Amino acid sequence: MSAHPGPRARLAGGLLFWYAVLGGAVAWAVHLLAGWGVDELTCASGSDHIGGVPLRAAVGAAVALPALATVGALLAAVLLWRRTHPPSEGEDRSVGRGRLLAVVGFWSNLLFLTIIVLGGVALLVLPPCQR
Amino acid sequence: MSTTAAPVPGASREQLGRLEEHWGERPSLRAWLTTVDHKKIGRRYLVTAGLFFALAGLSALAMRTQLARPESRLLSPQEYNQLFTMHGTAMIFLFATPMLFGFGNFLVPLLIGARDMAFPKLNALGYWIFLFAGLFMWASLPFGAAPNAGWFAYVPLTGQQHTPGLHMDVYSLGLLFLGIATTAGSINFIVTALKLRAPGMSLNRVPLFVWAIVATAFMVIFALPALNLDNAMLFLDRRFGTHFFDPAAGGNVLLWQHLFWIFGHPDVYIIVMPALGIVSAVLPAFTRRGVVGYVLVVFAIVAISIISFGVWVHHMFATGLPRLSYSFFSAASTIITIPSGIQIFAWLATMLLGRLVVRVPLLFVIGFIVTFVLGGFTGTMFALTAFDQQVTDSYFVVAHFHYVLIGGAVFPILAAIYYWLPKITGRMYHEGLGRWAFWLVFAGMHVTFFPMHLYGLFGMPRRVYTYPSEPGWDGWNLVSTIGSYLLAVGLLLVVVGVVHAIRRGRPAPPDPWGGDTLEWSTDSPPKSYNFPVLPQVHSLHPNWDESSRESMGAGAEADRILADGRTTLLTSELDGRREREVEMPGSSWQPLLLALVMLLFFTAMLFAWYPVAAVAAVAVAGTVATWLWPPRRPDRELGVSA
Ligand code: HEM
Ligand SMILES: [Cu+2]
């Protein structure tokens, strides 16, 4: 945070930063809507295939891809945390703020990852259309 | 670290005079009706929500009186239906959220070191709408036309065919009307907290109460549209014969439930979250230290506000979704307990590591923890689907949600009343009276609601206006009723305490508790401009830190006094860096006027006076247009003389 980066690097840094903080939350929202929507709509139509793909695989993708995205966000949060840690004397207050968001991002990504993985476990044990 | 005086203002006499000139209001009827001062509006929210609480409480007492004995004939079934519906609806929509928004209104600008909310006129509009919407709904009760199908108003029961009359029209129109106020208030909180924080208040220095209010506001913005849509469709179905919820014509009954609970589950957190923020705000003063694990509590607030949107289906386990989709929601419902637990442990750790100062606000906080944890415990029992099937729609559920709501909202609100009363009124309350009130409320609450678990398990259904004499029902119902009177006496003592403080209380110093946040660094009650000098914030506990305090005294700078107009400082969202000063609007008739024409519109819709409604709609558009018409700006603001 010492040298002033160019606008491109700033944009990339900014995107990475928000990915680290909110990536897990967004991934989980996508997982929930996609998993639930695909499962319920397909079952309601009385089939267990969706466009030729087995339903289980489609729902599996709605679990695995968001889970991977969340793992990425988790790593980004760790990176952010290490960059803003340890606190130095006379630091800029944006470093303190960055560290707060890094910690918040880290724990929330972990939490969302847990939720998604629990959904994945359910997928392993439950037939997709059982009521 | 505890100081009882406001820093000697670093502003000169002459500057204070000019501030008063720009911000002060001479008391008059006109000033009363046109004010946009967040402190006055906040106070009004508190009083009005308190009145609606009293009405809803009296409805509850009437129900408990009826249920004291089996086969009682005090209330007719029709009356009972209206009473429990109005009780539930008012407690949720007209008491809990507005009361907490009242504290938010009064406190947020003071906590972040600003001179008002970001949109003061919108704030006034929100209050008037809340008042009118509340009166609109309550006014139906004396006419026997109040909502009568339960606070969650499931179709098809609420359709025109099964519930004729105005009842459910009052419900849907009233909540739509009220929704405008809640939405406006939420936008205001978000913008205020993001843009008006004192310089230096980066995100890691924002008080937990402000985090909680902002998270709540975001939840409202995302959750309320679902409820509004639901109510709009219900009204159209009932009045104009559309078929949104009519399966015979391709509509869907479950649609109501989905939309309702997409709103309804986050709403539980919308009610409880700011109350938890109050707990985090009250504890530091009475434990003499900051809340343990600030960062984790922030995380918990953010996480809850997001996850709460992914759990609504747990209210609908009986509707036959595929088990797999259901389990996606169960995962979220299970995990959301973790951040809630984190907050509880953070408070317990704060109390263990701090030095306890046992005053009335702390008693209510402890009462909150005990009650809320018990409610949470019975809540996790529902996670066992078999148990849930067994107790659904029994008094066990009524017991559970009163533990959560009274524990999670009423106790913190009472703590907040005692804690901030000195700041709001400038008077101290009577400690002995407060303690009596606490013990009566606490005992009354548990005597009323604990037995409900029992007769719920013995099979007594909820929402029955009377019951036959059954083993285990009669005796415990009588106990509940006695408890509710005890509770009422306790709440009456709270009111007596407030009135006594205002009439007879000793004048409050600026900082009676040695609090850590900025509201304690200014007068009690604060001047119209809140702070003579806007602070420069250096830490999370500015009132405990010398450099922040000094920035308002000896270290004052003219660009934080801003005595030349009605202005406050705009700062950056993340780091609280100074951007520029902004002009704030002064008193105006527009908020009241706009709320009145809206009231006319909703009343006309209710009684099907459609031409009147059309005129009112035009009037609403006209008022909004004048409101938004760009004013003639003084040259200074156009940058001419800058
Ligand atoms: C002040 C003391 C209170 C008492 C004595 C009380 C008592 C009652 C009673 C007797 C019922 C009706 C039970 C039935 O027939 O099914 C009820 C329902 C309800 N109460 Fe309370 N209550 C109190 C406070 C609160 C508070 C503070 C809230 C919320 C913030 C609340 C929310 C509700 C709700 C949502 C219902 C359900 C209404 C429905 O079934 O549609 N109550 N309460
Ligand atoms: Cu829920």
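Since the model is a prediction, treat every value here as computed from it, not as a measurement.

Rules and cut-offs
Residue numbers restart at each chain and count upward from 1, following the sequence in its written direction. In the order they appear in the text, chains get letters beginning with A and ligands get numbers beginning with 1. For a predicted model such as this one, the threshold for reporting local features is a pLDDT of at least 70, and the threshold for listing and counting side-chain atom pairs is 80 or more; totals across whole chains, interfaces and linings nevertheless cover every residue. The side-chain numbers reported here are obtained from all heavy atoms of the structure, hydrogens and water having been left aside. Between 30 and 60 degrees the pair is tilted, below 30 it is stacked and above 60 it is edge-to-face, where a pair is any two Phe, Tyr or Trp rings, Trp via its six-membered ring, whose centres lie within 6.5 Å. To qualify as a helix, a DSSP run of H or I must reach at least 4 residues; to qualify as a strand, a run of E must reach at least 2; elements of each kind are numbered from the N terminus. Burial status follows relative accessibility: with a 1.4 Å probe on protein chains alone, a residue under 20% of its type maximum counts as buried, one over 50% as exposed, and anything between as partly exposed. For a Lys NZ or an Arg CZ to count as sitting over a ring, it must be within 6 Å of the ring centre and within 35 degrees of the ring normal. In what follows, a disulfide is any cysteine sulfur pair within 2.5 Å. By the convention used here, residues are in contact when the closest approach between their heavy atoms is within 4.5 Å. Reported buried area values correspond to the accessible surface (1.4 Å probe) lost by two parts on association, with both partners' losses combined. We define a salt bridge as a contact between a side-chain nitrogen of Lys or Arg and a carboxyl oxygen of Asp or Glu at a distance within 4 Å. Nitrogen and oxygen atoms within 3.5 Å of one another constitute a polar contact, given that in protein one can donate a hydrogen and the other can accept it, and given that sequence-neighbouring residues count only through two side-chain atoms. In this count, Pro and Cys sit with the nonpolar residues alongside Ala, Val, Leu, Ile, Met, Phe, Trp and Tyr, while Asp, Glu, Lys and Arg are called charged and the others, Gly among them, polar. pLDDT measures how confident the predictor is about each residue, on a scale from 0 to 100. Donors, by definition, are the N, O and S atoms found within 2.8 Å of a metal, the threshold being 3.2 Å for Na, K and Ca, and water is not counted, so a site can look incomplete. Working rule for geometry: tetrahedral if four donors all subtend angles between 85 and 135 degrees; square planar for four, octahedral for six, if opposite donors exceed 155 degrees and the others stay between 65 and 115; irregular in every other situation. Consider each residue's heavy atoms; a residue with any of them within 4 Å of a molecule or strand counts as near.

Asker: Is there a simple way to think about the packing of aromatic side chains in this case?
Answerer: Each aromatic ring pair is described using two quantities: the centre-to-centre distance and the angle formed by the ring planes. Residues and elements named next belong to chain B. A complete count under the given rule lists 55 aromatic pairs over all chains for this structure. Geometrically, the ring pair formed by Phe-152 and Phe-260 is edge-to-face, given 6.4 Å between the ring centres and 65° between the ring planes. With Phe-152 in the loop between helix 5 (120–138) and helix 6 (167–195) and Phe-260 in helix 8 (residues 254–287), this pair connects stretches of sequence that are 108 residues apart. A single burial state applies to Phe-152 and to Phe-260, both of which are buried. When the centroid spacing of 4.8 Å and the interplanar angle of 65° are considered together, the rings of Tyr-419 and Trp-420 count as edge-to-face. There is no split in this pair, since Tyr-419 and Trp-420 are both buried. Sitting over the face of the ring of Trp-32, Arg-44 holds its NZ or CZ atom 4.2 Å from the ring centroid. A cation over a ring is seen here: Arg-463 above Phe-152, with NZ or CZ 4.6 Å from the ring centre.

Asker: Sorry if this is basic, but what is going on with the state of the cysteines here?
Answerer: Structurally, a disulfide amounts to a covalent bond that connects the sulfur atoms of two cysteines. Residues and elements named next belong to chain A. All chains considered together, the criterion is met by one disulfide over all chains. The disulfide that involves Cys-43 links it to Cys-129, with 2.0 Å between the sulfurs. The S-S bond linking Cys-43 to Cys-129 shows a torsion near -90°; that makes this disulfide left-handed. Of the two residues, Cys-43 sits in helix 1 (residues 7–44) while Cys-129 sits in the segment after helix 3 (93–125), which places them 86 residues apart along the sequence. Relative accessible area serves as the criterion here: at 9%, Cys-43 is assigned to the buried category. For Cys-129, a relative accessible area of 29% puts it in the partly exposed group.

Asker: Would you take a moment to explain the interface of chain A and chain B for this structure?
Answerer: Interfaces are often described in size by the accessible area the parts lose on coming together. Taken together, the contacts link 35 residues of chain A with 36 residues of chain B. Summed over both sides, the interface between chain A and chain B buries roughly 3,200 Å², with carbon and sulfur atoms accounting for 78% of that surface. The interface formed by chain A and chain B contains one salt bridge. The salt bridge involving A:Arg97 is made with B:Asp575; its shortest N-O contact spans 2.7 Å. Scanning the region where chain A abuts chain B turns up three residue pairs in polar contact (both at pLDDT 80 or more). No other element matches the 18 residues that helix 3 of chain A contributes to the side of chain A that touches chain B. For the side of chain A that touches chain B, the class distribution of residues is 21 nonpolar, eight polar and six charged.

Asker: Is there a simple way to think about the confidence of the model for chain B in this case?
Answerer: Should the pLDDT be low somewhere, the predicted coordinates at that spot are not to be read in detail. Per-residue confidence for chain B averages 93 on the pLDDT scale, and 97% of its residues sit at or above 70. Reported for the predicted complex are a pTM of 0.94 and an ipTM of 0.91.

Asker: Explanation requested: the coordination of the iron atom of ligand 1 in the structure shown.
Answerer: Ideal values for angles at a metal depend on the geometry: 109.5 degrees with four tetrahedral donors, 90 or 180 degrees with six octahedral donors. Residues and elements named next belong to chain B. At the metal site, the iron atom of ligand 1 is ligated by His-87 (NE2) and His-402 (NE2), and these contacts range over 1.9 to 2.0 Å. If you look at the iron atom of ligand 1, its six donor atoms make angles of 89 to 180° with each other, and the shape they trace is octahedral. Taken together, the positions of His-87 in helix 4 (residues 77–112) and His-402 in helix 14 (residues 395–425) put the pair 315 residues apart, joining distant regions of the chain. An identical accessibility class is assigned to His-87 and His-402; each is buried.

Asker: Please explain the site of ligand 1 as it appears in this structure.
Answerer: Residue and element names in this part refer to chain B. Ligand 1 sits among 21 residues. The nearest are Tyr-80, His-87, Trp-151, His-402 and Arg-463. Interatomic distance of 3.0 Å between a side-chain N/O atom of Arg-462 and an oxygen atom of ligand 1. For the shell around ligand 1, the elements supplying multiple residues, two or more each, are helix 3 (38–67), helix 4, helix 14 and helix 16 (474–504). For the shell around ligand 1, the element with the highest residue contribution is helix 14, accounting for six residues. Taken together, the residues of the shell around ligand 1 sort by class into 13 nonpolar, five polar and three charged.

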